[in-house]
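Below are the chains, spelled out letter by letter.
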Amino acid sequence: MTSFFSACFVDQHSLDQLADHEVLAKQASIQRIGYFMALLLVLSVGMAFVLSSYLVAASSWALIPAFADYSKKRKAIRLQLQKRHLS
């Protein structure tokens, strides 16, 4: 359970070395991944209701660590953009 609340493991030094357009490209990529993950979660929960299957609903819990990792990366990129005054 502690792995869900661990510190952000995004290498800020590697983000510092990227050019502005590369950080913006990373932000766009992270946003696309976020939209896809949200769609996947909605589809899995929707299928759980349609199929009345608790197994499908329980499998959607597997997406929680992916969302946690996504939010850490999104926050790191947002902080990098704020540091560069691009956001």
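The following refers to the structure shown. Only a predicted model underlies this, so the values are computations on that prediction, with no experimental measurement involved.

1. A word on the overall build of the protein
Each helix and strand counted, the protein has four helices and zero strands in total. Partitioning the intrachain contacts of the protein with sequence separation of at least 6 by distance along the chain shows that 75% fall at a separation of at least 24. Accessible surface, the protein as shown: approximately 6500 Å² in total, 68% of it carbon and sulfur.

2. Here we look at helix α4 (residues 64-83)
Think of an α-helix as 3.6 residues a turn; residues three or four steps apart then line up on the same face. Along its 20 residues, α4 runs 29 Å from first to last C-alpha, staying within 8% of the 28 Å computed at 1.5 Å per residue. Buried within α4 are the following residues: A68, Y70, K72, A76, I77, Q80 and L81. Considering only its buried residues, α4 is in contact with α1 (12-16) and α2 (20-51). Residue H85 follows α4 closely and has a positive phi angle near 60 degrees.

Criteria and thresholds
Every chain is numbered independently, its residues counted from 1 as its sequence is written. The predicted nature of this model means local features are confined to residues of pLDDT at least 70 and side-chain atom pairs, given and counted, to a pLDDT of 80 or more, with totals for whole chains, interfaces and linings taken over all residues. To get the side-chain values, all heavy atoms of the structure are used, and hydrogens and water are removed first. In this description a helix means any DSSP run of H or I spanning at least four residues, a strand means any run of E spanning at least two, and both kinds are numbered starting from the N terminus. Contacts: residue pairs with any heavy atoms within 4.5 Å of one another. Methods summary: accessible areas were calculated by the Shrake-Rupley approach with a probe of 1.4 Å, and residue burial reflects only the protein chains presented. Helix span, expected: 1.5 Å multiplied by one less than the number of residues in the helix. To sort residues, take the accessible area from a 1.4 Å probe on protein chains only and compare it with the maximum for the residue type: under 20% means buried, over 50% means exposed, and anything in between is partly exposed.

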